[in-house]
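In case you want the letters, here they are:
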Amino acid sequence: MSRDTLGELEHQAMLALLRLGENAYTAPIVEELEDRTGRGTTVAAVYIVLRRLEEKGLVRSEMRDPGPGGGRDRRHFFVTDEGIERLRAARTAYANLWDGLEGVLEGGR
Amino acid sequence: MRSAGDRLPRDDAGTRGGGGAGRPDPPEPPAAWRWALRRILSGSEGEYLVGELDLLFRRRVRRQGEAAARRWYRREVRACAVRLPLERTRRGLDTIREGGMGLGRSIRQATRRLARTPGFALVAATTFAIGIGATTVILGLADQALLRPLPYPEAERLVTVANGWSFSRANLEAFEERMTSLTAVGGARDAMGMTLESAGGEPSRVVVAEVTVGYLKALAVEPLAGRRFIDDEGRPGAGAVAMVAAGFARERFGSPAAALGREVTLDARNYTVVGVLPVSFDLPSEANQIWVPVEMDPDDAGTHWGSGAYSLVGRLAPGAEPAAVAREMAELGESLRRANPLWTPGEGYLAGAEIAPLAEVRSRYVRTPILILLGAVALLLLVVCANVANLLLSQGVARSRDHAVRIALGAGRSRMVVDQMIEVMVLALLGVGGGLALAWAGLEFLRPHLPAELPGRSLVGVDLRVLGLSAGVATLAALVAGALPALRLAGRAPGSLIASGGDRTRSGGRSRRRTTRLLVSGQLAAAVVLVVSAGLLGRSLVALRGVDPGFEAEERVTLRIDLAPGADPGAEGRALELAGLAAELRAAVGGAPVALASTLPFGGEVEAMATFIEGVTPDPNSLPVVAHHRVDPAWFEVMGIDLLQGRGFDAGDRIGSELVVVVDEAFVDRFLPEGDALGRIVRYPWRGAPDMRIVGVVEAVREGSLEGETEPTFFAALPQMQPWHPDHVFVVAPSVFGDAATTAALGRAARSFDDRVALSRELPYPALLGTSYASARIVAILMALVAAATLILGAVGVYGVASFWVRERVRDIGVRIALGAEPAKIRRQVFRQGIMLALPGGLLGLALAIPAARVLDGFLFSVSALDPLTLVAAPVLLSAAAMAAVYLPARRATRVDPVEVLKGE
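Predicted model only: the values in this text are computed from it and were never measured.

Draft legend 1. Geometry of the overall build of chain B. When you go through chain B residue by residue, the secondary structure sums to 27 helices and 22 strands. Residues classed as buried in chain B amount to 50% of the 905 residues present. Put simply, 81% of the contacts in chain B that link residues at least 6 apart link residues at least 24 apart. Per element, the accessible surface of chain B, about 40800 Å² overall, is 58% carbon and sulfur.

Draft legend 2. Local environment of the interface of chain B and chain A. On the chain A side, the residues contacting the 29 residues of chain B number 29 residues. Counting each side, the surface lost to burial between chain B and chain A is near 2500 Å², with a carbon and sulfur contribution of 49%. Remark: the boundary between chain B and chain A carries 7 salt bridges. With a closest N to O distance of 2.7 Å, Arg-59 of chain B and Glu-31 of chain A form a salt bridge. Listing elements by their share of the side of chain B that touches chain A, those giving two or more residues are α1 (9-16), α3 (43-64) and α4 (66-116) of chain B. Residue composition of the side of chain B that touches chain A, grouped by class: 11 nonpolar, 2 polar and 16 charged.

Draft legend 3. View of the side chain of Thr-41 of chain A. Its location among the elements puts Thr-41 of chain A in the loop between α2 (26-37) and α3 (43-56). Thr-41 of chain A has contacts with Val-30, Glu-34 and Val-46 of chain A together with Arg-75 and Glu-76 of chain B, leaving out every residue within four places of it along the chain.

Draft legend 4. Molecular detail of the packing of α2 of chain A against α3 of chain B. Here α2 of chain A crosses α3 of chain B at 45 degrees, and the two axes come no closer than 8 Å. The angle between α2 of chain A and α3 of chain B places the two elements in the oblique class. In this structure, the crossing between α2 of chain A and α3 of chain B has a hand that is right-handed. Contact residues: α2 of chain A offers Thr-26, Ala-27, Pro-28, Val-30, Glu-31, Glu-34 and Asp-35 of chain A, while α3 of chain B offers Tyr-48, Leu-49, Glu-52, Leu-55, Leu-56, Arg-59, Arg-60 and Arg-63 of chain B. Split by residue class, the contact of α2 of chain A with α3 of chain B holds 7 nonpolar, 1 polar and 7 charged.

Draft legend 5. Molecular detail of a negative patch on the surface. All names here are of chain B. Together, Asp-548, Glu-552, Glu-554, Glu-555, Asp-642 and Asp-739 make up a negatively charged patch on the protein surface. Structurally, the position occupied by Asp-548 is in the loop between α17 (507-545) and β11 (556-562). Using a relative accessible area of 52% as the deciding quantity, one classes Asp-548 as exposed.

Draft legend 6. Seen up close, the nonpolar core. Residue and element names in this part refer to chain B. Core analysis: the largest hydrophobic core is formed by 128 residues, its most contacted members being Phe-128, Phe-551, Trp-635, Phe-636 and Phe-715. The element best represented in this core is helix α23 (residues 774-808), accounting for 16 residues. In contact with Phe-128, other than residues within four places in its own chain, are Val-384, Val-388, Val-424, Leu-427, Ala-428, Gly-431, Ala-477, Ala-478 and Ala-481.

Draft legend 7. Fine view of the packing of helix α5 (residues 118-147) of chain B against α23 of chain B. Residues and elements named next belong to chain B. Across the interface, α5 lies against α23 with an axial gap of 11 Å and an inter-helix angle of 165 degrees. Judged on the interaxial angle alone, α23 and α5 are roughly antiparallel. You can see that α5 and α23 cross each other, and the crossing is left-handed. Where α5 abuts α23, its residues Thr-127, Ile-130, Ile-138 and Leu-141 lie against Leu-782, Ala-789 and Leu-793. Looking at the contact of α5 with α23, its residues break down into 6 nonpolar, 1 polar and no charged.

Draft legend 8. Representation of helix α25 (residues 823-856) of chain B. Across its 34 residues, α25 of chain B extends 46 Å between first and last C-alpha, which sits within 8% of the 50 Å expected from 1.5 Å per residue. Buried within α25 of chain B we find Ile-826, Val-830, Gln-833, Gly-834, Leu-837, Ala-838, Gly-841, Gly-842, Gly-845, Ala-849, Ala-853 and Leu-856 of chain B.

Draft legend 9. Broad picture of the packing of aromatic side chains. Residue and element names in this part refer to chain B. One pass over the structure, following the stated rule, counts 13 aromatic pairs over all chains. Ring centres of Tyr-152 and Phe-281 lie 6.0 Å apart, and the angle between their planes is 75 degrees; on these two criteria the pair is classed as edge-to-face. Residue Tyr-152 is found in the loop between α5 and β1 (158-161), and its partner Phe-281 is found in the loop between β7 (269-277) and β8 (290-293); the two are separated by 129 residues along the sequence. Note on Tyr-152: relative accessible area 7%, which makes it buried. Arranged with centres 6.2 Å apart and planes meeting at 55 degrees, the rings of Phe-551 and Phe-602 form a pair that is tilted. Placement of Phe-551 in the loop between α17 and β11 and of Phe-602 in the loop between β12 (595-597) and β13 (607-610) is noted, with a sequence separation of 51 residues between them. Pair check on accessibility: Phe-551 and Phe-602 agree, each one buried. Clustering of aromatic rings is evident, with ring pairs tying together Phe-667, Phe-671, Tyr-684 and Phe-714.

Reading the values: rules and limits
Residues numbered from 1 in each chain as written. Chains lettered and ligands numbered in written order. Predicted model: local features only at pLDDT ≥ 70, side-chain atom pairs only at ≥ 80, totals over all residues. Heavy atoms only, no water. Helix = DSSP H or I, 4+ residues; strand = E, 2+ residues; numbered from the N terminus. Buried < 20%, exposed > 50% of the residue type's maximum accessible area, 1.4 Å probe, protein only. Contact = heavy atoms within 4.5 Å. Areas by Shrake-Rupley, 256 points an atom, 1.4 Å probe, with all protein chains shown as cover. Buried area = accessible area lost by both parts, 1.4 Å probe. Salt bridge = Lys/Arg side-chain N within 4 Å of Asp/Glu carboxyl O. Nonpolar A, V, L, I, M, F, W, Y, C, P; charged D, E, K, R; others polar. Axes fitted to C-alpha atoms, helices over the stretch in contact; angles between N-to-C directions. Parallel < 35°, antiparallel > 145°, perpendicular 65-115°, else oblique. Left-handed = near helix turned anticlockwise from the far one by under 90°. Patch = residues over 30% accessible without salt bridge, like charges linked within 9 Å, V, L, I, M, F, W, Y side chains within 5 Å. Lys, Arg positive; Asp, Glu negative; His and termini not counted. Charge placed at Lys NZ, Arg CZ, Asp CG, Glu CD. Core = buried A, V, L, I, M, F, W, Y, C linked by side-chain atoms within 4.5 Å. Expected span 1.5 Å × (residues − 1). Phe/Tyr/Trp six-rings, centres within 6.5 Å; stacked < 30°, edge-to-face > 60°.

Below is the structure:
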């Protein structure tokens, strides 16, 4: 079922959320993705992906007060337990697929 | 809420550590693009994203310089413009798809739940069916008569004269030539009977309308085949042409197209069929089968200015108002008056015409009764809704545990409310099925009894429009019926549902019972209103039927005989012919007396003329208009009309003898109250009209209506052939062999006398009288049916409450019976419950019935809107119904077996 597989951007966005922890709102997520993957993306794409993940229950979000510094309320995103479970399964699947292929990659270099 | 346009130095400071203080204003994103972004995104979510982009823009300025940041910003805006609307669409489609799948599932589940409680489903669906059926019947009538636009192009521009005026041919010609507020105008003369010859068959009588060429043009009616009349066909010397009704064309020629170019022979003259009019065309009257053009001679206009017989239809010029037509008509009347000095119409000629939309005038007699009936079915529908709501409430109690469990398992409350509404919708849908079947049968039954005043009565039925209307009514009813139970469901905690499921006497039950009682009281109140209304209309109808028309209609049949058209036998010849015909007819009914007359009271045709009465007024301009019938000597005897003074007619009253008339009591009372009527002279109004001497006075005879004052009438002796000899006669004979057999025997006799005669209107005389109160009868019958349905539903409501009361108290009753309580006492207690329900409902109903009855006032004949008998009888009937409804639960209560009940604990 297509709903059960994680898309690439979905996968990356969830990892970015985990890295950013309490600081995971849209702008830093976009920067994190760009910095870590070295590829450009757009705020619109990231935002859509986050909302889709939320619909699937892999991510949850809440509007948060910006704290004592002031400024706008921000939507913060967190990976849910189900999301963690899904990431773990994905990593296992990738690890299984990579198993024994290290040589190919080395050779390809 | 702050706008996303606020500057955000702290955002920057918080994440990247750079201080904003002391710096110049940071650069802004390109203003136009930012503005565009705001238009694309909306709501708080949009504000949020705009803010995030602002933030990212500033960081990018710092990292890559302003130009690159601007490029980046523009790209982001473009991405938002494309991706976010697409995403919104996807979400919308997903919701719809899920909703659709969910609806299908919910309907299946609702059907399954209903199938588990078939008794409940059947009662609820039947209740809906009764309400929807009754509403559909009335809507079917209302749609034809009031709602549906006339079947002509731009029908809202069609106007006619509302105050019953008719016009002469010269008037019509002047209108056609000179009026600018009408683009087309024409006149029609209604319902002339003509004898239609059939090759090889018996001649018959058809109803023919004479119309001007402009009449059909104004209506812009599209012929089914062929064409409308063209201008020359209204001129003298043009070939005789006719248009025929679709039904007539099919019956006689096989199909509308086959009728074109064929001939019909009317009163011995041949007409070529040039067009066929559609079934929906019913002007000037529904009875018309053939239309022929009026002969209009422009050179001859001055000779026929006088009183006219043509009703008018006009098509308003674009932007013109009916009032403009009336104004123009009055001005035209004035100029016509000046231009025709030979003829002297009075001052204000043609002024005061009430011009009104044709659709409105057509339905004026039925508008109020239909609105009253619509009001009645609306009440019935409310009762239906209350009943179904009650059923759902008690069903809800039965399902409380089920609901509580579902809520505990996480079913959303809104989900359950939706489920409940879907269940009601399914019930209503079943009700629509049953209701439409009822409505179809009802309308089929009603159609032949519908009064002639109802426009489109032959077309009344269940069609797509009516179907749509009744589906709308059903949806509305389902929403109303489902609302209350759904609200209760929405407003209760699962705990209370479990509690009320477990112990029905707790507080949740109390509020439900209050609601139920309120609903039942409301139903009973509505029932009283409708029963009172039906009672008043019924009593009025009985009173109307009880009015003495002044003659005996029972046990008598009538028949119209149109004598052979063609060669005119002259007065002497016609007198001989009628004498011969009368002898033949008498023989046909075994020698019983048979009467001939030119017109009949209640026969639908009236001969009325300005009449000179000796000793009343000599002024020729103010002669009273008096109706008269020309009758033969047997008439008074056959009709059972008593002679009060002088003599009736006898064999001596024939051509050449002194002309004689008999007047009725109303005539004497109005014109000659001194009591010296006998011997006075009566004359027709034209110059040289012969004297006719009053030789007798009979009891007052009503002319065409059982209501109001009896209008004066006189009778002339038919055999004297004054003022002219008739081309047809009505026959009245005692119904010696039963109605049908007698008219058949009379018809055979007439044909054997002369096979060229045309027979029509073979009717029992009471049926003729009946047409005068057909409207009153149909309204009374429909109101009675609606009232009966409401009463039955009200009783069902009482039954439901009483049996629920008993069921709730089975344990108490069982214990009391075990302790030796009298069954009679328990029964009394149940009956008390019934009375407690009926009393407030009945009182409220009476209070509401009084203003409701006032609405009926205009329709009541010799019954007051506050008729005490009806006002007392309705609550008595209601109480009887309530008691009957309580009887079964009461009996059940006394038969409770204490052992069983206690064992069940």
